[in-house]
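Descriptive analysis of the structure
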Amino acid sequence: MAILVTPQTKLIVQGITGDFGARHAKLSLDYGSQVVAGVTPGKGGQFFEHGSARVPIYNSVADAKAATGATVSVIFVPPPFAADAILEGADAGLELVIAITEGIPIKDMIRVKRAMAGGATRLIGPNCPGIVTPGTGPGSTGGCRIGIAPGYIHRKGHVGVVSRSGTLTYEAVYQLTVRKIGQSTSVGIGGDPVNGTSHLDVVKMFNADPDTHGIIVIGEIGGTAEVEAARWIKANCQKPVAGFIAGATAPAGRRMGHAGAIVGGAEDTAAAKIAVFKECGIEVAATPSDMADALVRAAKAKGVTLS
Amino acid sequence: MNIHEYQAKALFEKFGVPVPKGATATSPEEFITALAQLPEGPTMVKSQIHAGGRGKGVFTNGYKGGVKFCKTKAEAREVAGHMLGNVLVTAQTGPAGRKVQTIYFTVASDIKKEYYLAILLDRASSRPVIVASTEGGVEIEKVAHDTPERLFKVLVDPAYGLADFQVRELVSKLALTGAEAKNAAKLIRALYTMFWETDAAMVEINPMITTPTGEVLALDAKVSFDDNALFRRPEIVALRDLNEEDPKEIEASKYGLSYIALDGSIACLVNGAGLAMSTMDIIKHFGGSPANFLDVGGGASKEQVIAAFKIILGDPAVKGIFVNIFGGIMDCNVIATGIVEAVKEVGLKLPLVVRLEGNNVAAGKATLAQSGLTIVSGDSMADAAQKIVKLVA
């Protein structure tokens, strides 16, 4: 098992005919993911071809879902149209919508999140690398790669990784893989202030997944999402957890107005988040090079086997 | 994106947020025409720079105060002469300060009481939040810390917008009654409309004041906008003042590079924002100090790498360079080739440590090794960081 997606997951690519969407749809097909449909309004009836794959393109997500039985979509459409694309995925009744697009206006995401509240569709992202559930083939192929992450750095196994940052996710996954420790699923939740799925949401799923034996939580400055996840872990999670917070040296106030610090409270600096992690029993990686080793230490302390 | 106080107040007026009458000048000749638009009497002279703390700031020519109260217009004209064209250093500008290129004159209002009002994003709820306080004209961080009971917050449901009962609640918490209550309610509604309609990231009025005649005015105005929404706000983009931005950051943005100057000695060139931030952290962890944040994005083309090197080397404090690339999809050899060509083109004299990892990394490392250049290779982030820290020490 894994969380969110499996090698059987049927995937729609919204924006499959754009450069960005096309490039990563091909990489997902190479990885063995079930890319069953593309959506580009106005190009319904055409096909997206790659090697022996011939993926039908539809005008709408609803058409694509009805024809293929897909349950998940990934969005590569440009920022001005991305909010609309997300809502279209939700309206079609998909289980999961993953928005890769970077640069969506915050106001659009405020409205999208409100519109999706209470609905059945989960949103991951935006501005995220996506999800990988590794497979058993060479370079972890045969799994489900949704988004822009390099598939080959993964290895099938039992560690869950959740992060806001793409490259830090790759860093953590790669560190695990070179130590022959595989991953159940790695999830990039995105770097935007308004996103669909939080650290806590993903941690809860990893905790409930019997196939996930340990968790790496990667966060950064701003907001309090990592703190919420840490407090929940302390109260509810028996699995070994390692954490890393980026931005200890980031200059204050460069990304947020100073009134932001008030609403965020005193818990949104790297130092404050690291302190909460430690207090909640999370093994903190001193540097980004130490993420996998930190989890190994945490697992050893709890007598848990990761591989 | 940030704008000046006078630009923010022009937007306030457009949306119906009352402000004291004012006029701007960019030359001594314009002092006269600007002041002619204001009534005789007490006048404020306000240096227009983006940084806060102007009132307590000091000019590099020794003149104290970037915001001054003057009893007459004649005095205002003289005071403005001390400010215009000079460099103002405040707690927020850093030691280099900012050159004052615009003076804003306003009528000095009679103040009965000062309040605080701001609207921004509440990340926890993903909704706009209105923050108000009976303690205005002081640092709001201090109010939040010392007297949090005097800070009031209202979350706005984006599906409905700001509701009247919420405005009444805020006004009542601020203990305003009669004409003051009515005028404050009007101001709050107008400010929310402006926040929502202009894709603002934050609007802040500190202080908002009441006057002896029952008026409610925005005495100061600080507004920033969501960069992601600028594509649909040409009227906001037109307010951008490049004089207020670091020239190196402007140059970087032309090449799709995200660059922020810091005050250390080790320059960083990294792909990905999270990795770039943690590269700074790891330099610090091993006893060095980062000279910048630089994210080349997912690609890192040869042109980008060359541009990045030129920008980095424009900082005289830089004593060494740390390139940290995780080439996930990108071919590491393409990146390595870019680095070698960039180093040859800019004629690098400083120590350079490169940590390459990912796709086709062996070929990339071979390219660096065979280049004939003194490029130090790091095996992991930690190894590379320790090497560059040692080289600049």
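The rules we used
Residues numbered from 1 in each chain as written. Chains lettered and ligands numbered in written order. Predicted model: local features only at pLDDT ≥ 70, side-chain atom pairs only at ≥ 80, totals over all residues. Helix = DSSP H or I, 4+ residues; strand = E, 2+ residues; numbered from the N terminus. Buried ≥ 20, exposed ≤ 12 C-beta atoms within 10 Å, placed from the backbone. Contact = placed C-beta atoms within 7 Å. Rg over C-alpha atoms; globule rule 2.2 N^0.38 Å. Domains from an automatic or database assignment. Pairing = 2+ DSSP bridges. Axes fitted to C-alpha atoms, helices over the stretch in contact; angles between N-to-C directions. Parallel < 35°, antiparallel > 145°, perpendicular 65-115°, else oblique. Left-handed = near helix turned anticlockwise from the far one by under 90°. Nonpolar A, V, L, I, M, F, W, Y, C, P; charged D, E, K, R; others polar. Core = buried A, V, L, I, M, F, W, Y, C linked by C-beta atoms within 7 Å. Expected span 1.5 Å × (residues − 1).

Observations concerning the overall build of chain B
Helix and strand counts for chain B stand at 13 helices and 19 strands. Expressed as lengths along the three principal axes of its C-alpha atoms, the size of chain B is roughly 80 × 50 × 40 Å. Residues counted as buried form 47% of the 393 residues belonging to chain B. Long-range pairs, those at least 24 residues apart, make up 70% of the contacts in chain B between residues at least 6 apart in sequence.

Comments concerning the overall build of chain A
When helices and strands are counted, chain A shows 10 helices and 14 strands. A compact globule built from 307 residues should have a C-alpha radius of gyration of about 19 Å, and chain A, at 19 Å, falls within 12% of that. Oriented by its inertia axes, the alpha-carbon framework of chain A measures out at about 55 × 45 × 30 Å. Across the 307 residues of chain A, 62% fall into the buried class. Within chain A, counting contacts between residues at least 6 apart in sequence, those at least 24 apart form 69% of the total.

A look at the domain arrangement of chain A
Residues and elements named next belong to chain A. Partitioning chain A into domains gives domain 1 (10-124) and domain 2 (130-302). Computed over C-alpha atoms, the centres of domain 1 and domain 2 are 25 Å apart. In this complex, domain 1 contributes 18 residues to the contact, which on the side of domain 2 involves 20 residues. Listed by contribution, the elements that provide at least two residues to the side of domain 1 that touches domain 2 are helix H1 (19-31), strand E5 (72-75), helix H4 (106-116) and strand E7 (122-124).

Here's the deal with the pairing of strand E15 (residues 266-270) of chain B
Regular strands have side chains that alternate between both faces of the sheet. All names here are of chain B. Summarising burial for E15: 5 of the 5 residues are buried, a large majority. Alternating residues of E15 divide into Ile266, Cys268 and Val270 and Ala267 and Leu269, and every residue in both groups is buried. In terms of strand pairing, E15 meets strand E17 (residues 320-327) through 5 bridges, oriented parallel. Counted as the bridge partner of Leu269 is Val323 from E17.

Quick notes on the packing of helix H5 (residues 164-173) of chain B against helix H6 (residues 178-197) of chain B
Residues and elements named next belong to chain B. Look at H5 against H6: their axes get within 10 Å of each other, and the N-to-C directions meet at 125°. One finds that H5 runs oblique with respect to H6. The handedness of the crossing between H5 and H6 comes out as right-handed. Judged by residue contacts, Val167, Leu170 and Val171 of H5 engage Ala181, Ala184, Ala185, Ile188 and Arg189 from H6. Counted by class, the contact of H5 with H6 contains 7 nonpolar, no polar and 1 charged residues.

Considerations on the sheet that holds strand E6 (residues 98-99) of chain B
All names here are of chain B. Pairing is antiparallel across the open sheet formed by 3 strands, whose spatial order is E3-E5-E6. Of all strands in the sheet, those bounded by a partner on one side alone are strand E3 (58-59) and E6. With 2 bridges joining them, strand E5 (residues 87-89) and E6 adopt antiparallel strand pairing. From the neighbouring strand, Leu88 faces E6, where its bridge partner is Arg98.

Brief notes about the domain arrangement of chain B
How big an interface is tends to be expressed through the accessible area that disappears when the partners come together. Under the domain assignment used here, chain B contains domain 1 (20-107), domain 2 (113-237) and domain 3 (247-392). For domain 1 of chain B and domain 3 of chain B, the distance between their C-alpha centres works out to 42 Å.

Notes on the sheet that holds E5 of chain A
Residue and element names in this part refer to chain A. On the basis of which strands lie adjacent, the open sheet formed by 7 strands has the order E3-E4-E2-E1-E5-E6-E7 and mixed pairing. On the outer flanks of this sheet lie strand E3 (47-50) and E7, each paired with one strand and no other. In this sheet, adjacent strand axes meet at a mean angle of 25° when their direction is disregarded. Both strand E2 (residues 34-39) and strand E4 (residues 53-58) contribute to a ladder of 2 bridges, which runs parallel. Along E4, the bridge assignment pairs Val39 with Tyr58. Packed on one face of the sheet, helix H3 (residues 79-91) meets strand E1 (10-14), E5, strand E6 (96-99) and E7 and runs near 165° to E6.

Concerning the interface of chain B and chain A
Chain B puts 48 residues into the contact, and the matching count from chain A is 48 residues. The biggest single contributor to the side of chain B that touches chain A is helix H9 (residues 273-285) of chain B, with 10 residues. Of the residues contributing to the side of chain B that touches chain A, the split by class is 26 nonpolar, 12 polar and 10 charged.

What about the nonpolar core?
The tendency in soluble globular proteins is for nonpolar side chains to be buried as a group. In this structure, Ile75 and Leu295 of chain A together with Leu294 of chain B are the most contacted members of the largest nonpolar core, which totals 203 residues. In contact with Leu294 of chain B, other than residues within four places in its own chain, are Leu257, Tyr259, Cys268, Leu269, Val270, Ala276, Ala308 and Ile312 of chain B. In this structure, Leu35, Ala76, Ala80 and Met83 of chain B belong to the second largest nonpolar core, which totals 17 residues.

Comments concerning unusual backbone geometry
Cis geometry marks the peptide bond from Gly125 of chain A to Pro126 of chain A; its omega dihedral reads 10°. Within the fold, Pro126 of chain A resides in the loop between E7 and strand E8 (130-133). Across the junction of Asn206 of chain B and Pro207 of chain B, the peptide omega takes the value 10°, indicating a cis bond. Looking at the secondary structure, you find Pro207 of chain B in strand E11 (residues 200-210). In this structure, Asn127 of chain A is a non-glycine residue whose phi angle is positive, near 55°. Mapped onto the secondary structure, Asn127 of chain A falls in the loop between E7 and E8. The backbone phi angle of Ser126 of chain B is positive, close to 55°, even though this residue is not glycine.

A look at helix H5 (residues 166-178) of chain A
All names here are of chain A. Helix length check: H5, at 13 residues, gives a terminal C-alpha distance of 18 Å against a target of 18 Å (1.5 Å per residue), a fit within 8%. Burial analysis of H5 places 12 of its 13 residues in the buried class, the great majority of the element. Listing the buried residues of H5 in full gives Gly166, Thr167, Leu168, Thr169, Tyr170, Glu171, Ala172, Val173, Tyr174, Gln175, Leu176 and Thr177. Looking one or two residues beyond H5, the residue adopting positive phi is Lys180, at roughly 60°.

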